[in-house]
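Notes for the structure review
Listed below, chain by chain, are the residues.
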Amino acid sequence: MSQQQTAPRGGPVWALVITSVAGFMAALDNLVVTTALPSIREDLGGALHDLEWTVSAYTLTFAVLLMFGAALGDRFGRRRLFLVGITIFTGASAAAAMAPGIDSLIAARAVQGVGAAIMMPLTLTLLTAAVPAAKRGMAFGIWGAVNGLAVASGPLIGGTLTEHISWQWIFWLNVPLGLILLPLARLRLAESHGTGSRLDVPGTLLASGGLFGIVFGLVRGPADGWTAPLVLTGLFAGGALLVGFVLYSTRAKNPMLPMRLFRSRAFSGINAASMLMFLGMFGSIFLLSQYMQGVLGYSPTEAGLRMLPWTGMPMLVAPIAGILSDRIGGRPVVATGLFLQAAGLGYLANVITADASYGVQLPGLVISGIGMALFFAPASALVMSSVRATEQGIASGANNALREVGGALGIAIMSSIFAAQGGYETGQTFVDGLKPALVTGAALVALAGVAALCIPGRRRTEPTDTPQTPAPVLETVGR
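How each quantity is defined
Residues numbered from 1 in each chain as written. Predicted model: local features only at pLDDT ≥ 70, side-chain atom pairs only at ≥ 80, totals over all residues. Heavy atoms only, no water. Helix = DSSP H or I, 4+ residues; strand = E, 2+ residues; numbered from the N terminus. Buried < 20%, exposed > 50% of the residue type's maximum accessible area, 1.4 Å probe, protein only. Contact = heavy atoms within 4.5 Å. Areas by Shrake-Rupley, 256 points an atom, 1.4 Å probe, with all protein chains shown as cover. Patch = residues over 30% accessible without salt bridge, like charges linked within 9 Å, V, L, I, M, F, W, Y side chains within 5 Å. Salt bridge = Lys/Arg side-chain N within 4 Å of Asp/Glu carboxyl O. Core = buried A, V, L, I, M, F, W, Y, C linked by side-chain atoms within 4.5 Å. Axes fitted to C-alpha atoms, helices over the stretch in contact; angles between N-to-C directions. Parallel < 35°, antiparallel > 145°, perpendicular 65-115°, else oblique. Left-handed = near helix turned anticlockwise from the far one by under 90°. Nonpolar A, V, L, I, M, F, W, Y, C, P; charged D, E, K, R; others polar. Expected span 1.5 Å × (residues − 1). pLDDT = per-residue confidence, 0-100.

1. Observations concerning the overall build of the protein
Each helix and strand counted, the protein has 18 helices and two strands in total. Residue burial in the protein is summarised as follows: out of 479 residues, 57% are buried. For the protein, restricting intrachain contacts to residue pairs at least 6 apart in sequence, the fraction spanning at least 24 positions comes to 82%. Split by element, the accessible area of the protein, about 17800 Å² in all, is 68% carbon and sulfur.

So, in structure tokens, the structure goes:
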């Protein structure tokens, strides 16, 4: 079956609003719980191991099911599965808010991840189908601004709600948003499909099992030790399953993720850059948030407000980045953003002390924020334009899965470096561990910039799908 799409119902504006809000909800829940953990423990009890799972249960299910969610949307209808994902996510959010104990909260968080994995990759494919090719840069810019803000501002929103209302409201927040989105998506989004081939069940099991094993090992490694049998089993078994997935996908007739896509420098380059960028960004935000609270003595809300020059920058800069990518191509904008973010992290690593003033930190936060904002929108456009329109769901799922795995890997690696060089005993020991961790984060983001430079520039691809949905342009020649 070829690409199918009904006539647009609400146009590009409605599609942008609906997909941006849905993406915000899914992205927000990555880090929103972190600042609420002390209050959750006080209310529900549980050991440290249980509290860690309130964060990792969402990350695990989100990461391992992203590609499967995208494949389901391509097969059974992207709008239909988008509605299913919103329903699951909204219901699980209400269950988390009403959880009577720590175990039920962990279970609800895992189900939240399932809903997010279904709806998140479909936001981009639905948006691409609704927006004309000439205006996709601006649309992706706004979408990227909203999603980038959600990822980075999770600790601020979680801390503010916990401090001024209650921790339950970090989950109740999703419920009215989901209830509003359901009828809007049903009435205002057009249905579309990808390929009509059968679902790749063996590939799905291999990829999901491999990602689960690796992410599980990375999440548990800092707590259990990297030589713990369960951690080693997860890492090695996960790695073996992913190798099996690659070998299987090179020979399967209709694989979930065709390996031939990675022959494209555009697809390989933007996915490598995305994974490395999230690796450095997640680990840095995770540690800097603790630094501001544990060393400088700010409350969760105060720390979040002081991070706004970084976390709030996407709302200002990302739409501009989208327009720039339409004019000069996505590669230079993405690469510039990554090198700026690496420079900002390097600056912070150089100036941070146990009593550093906020004014000293501010330039690094601003530079990192501008860099992150320049990345999000053009990166999304590059992902979607690096494949045929019928494969955009696959590409979106793969890119989001690699980002999530990169985030988990970044927290694990940078936390391990922090623990090896410092600790929580005093402000100085925290800084001793934070500095080399930030240097590592800067190096990883700079490496992401190098990967972005490998993406071909100033090329056009001819449309290959039906006239109803023109194939996206790989890179637009600057005027």
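Let's pick the thread back up.
2. Comments concerning a nonpolar patch on the surface
Side chains of F339, L447, V450 and L453 sit close together on the surface and give an oily, nonpolar patch of about 330 Å² of accessible area. Here the nonpolar patch takes three residues from helix α18 (residues 427–453), the largest share from any one element. Residue placement: L453 occurs in helix α18. L453 gets classed as partly exposed once you look at its relative accessible area, which sits at 44%.

3. Topic: the nonpolar core
Generally speaking, soluble globular proteins have nonpolar side chains that are buried together. One finds F82 and Y291 to be the most contacted residues of the largest nonpolar core, which totals 132 residues. With 16 residues, helix α11 (residues 265–295) is the largest single contributor of residues to this core. Apart from the residues lying within four places of it in its own chain, the contact partners of F82 are I18, A22, M119, L122, T123, L126, A185 and L189.

4. A word on the environment of A448
Within the fold, A448 resides in helix α18. Sequence spacing of A448 and F339 is 109 residues, and the spatial spacing of their C-alpha atoms is 8.3 Å. Excluding residues within four positions of it along the chain, A448 makes contact with A273, L276, M277 and L338.

5. Describing the packing of α11 against α18
The interhelical angle for the contact between α11 and α18, taken along N-to-C directions, is 160 degrees, at an axis separation of 8 Å. In terms of their interaxial angle, α11 and α18 are classed as roughly antiparallel. Judged by the twist between their axes, the crossing of α11 over α18 is left-handed. Split into classes, the residues belonging to the contact of α11 with α18 amount to 21 nonpolar, six polar and no charged.

6. Regarding helix α10 (residues 229–251)
Between its first and last C-alpha atoms α10 spans 33 Å; for 23 residues at 1.5 Å apiece the expected length is 33 Å, and the two agree. Regarding α10, the residues found buried are V231, G234, G238, F245 and S249.

7. Considerations on the environment of G423
If you trace the backbone, G423 turns up in the loop between α17 (392–421) and α18. As a C-alpha pair, G423 and G433 span 10 residues in sequence and 6.3 Å in three-dimensional space.

8. Some remarks on the packing of helix α1 (residues 11–28) against helix α5 (residues 102–130)
Running from N to C, α1 and α5 cross one another at 160 degrees; their axes reach a closest spacing of 9 Å. Taken together, the axes of α1 and α5 are roughly antiparallel relative to one another. The handedness of the crossing between α1 and α5 comes out as left-handed. Here P12, A15, L16, T19, A22, G23, M25, A26 and A27 of α1 come into contact with α5, specifically with A116, M119, M120, T123, L126, L127 and A130. Among the residues forming the contact of α1 with α5, the class breakdown is 13 nonpolar, three polar and no charged.

9. What to know about the confidence of the model for the protein
Residue-level pLDDT values for the protein average 78, and 86% of them are 70 or greater. Within the protein, the element-level pLDDT minimum falls on strand β1 (residues 4–5), averaging 46, and the maximum on helix α4 (residues 78–97), averaging 90. Below pLDDT 50 for its whole length, residues 1–8 participates in 23 contacts with residues either more than four positions away or in separate chains.

10. A few points about the side chain of T90
With respect to the element layout, T90 can be found in helix α4. Owing to a relative accessible area of 6%, T90 belongs among the buried residues under this scheme. Not counting residues up to four positions away in its chain, the partners in contact with T90 are N174, V175, G178 and L179.

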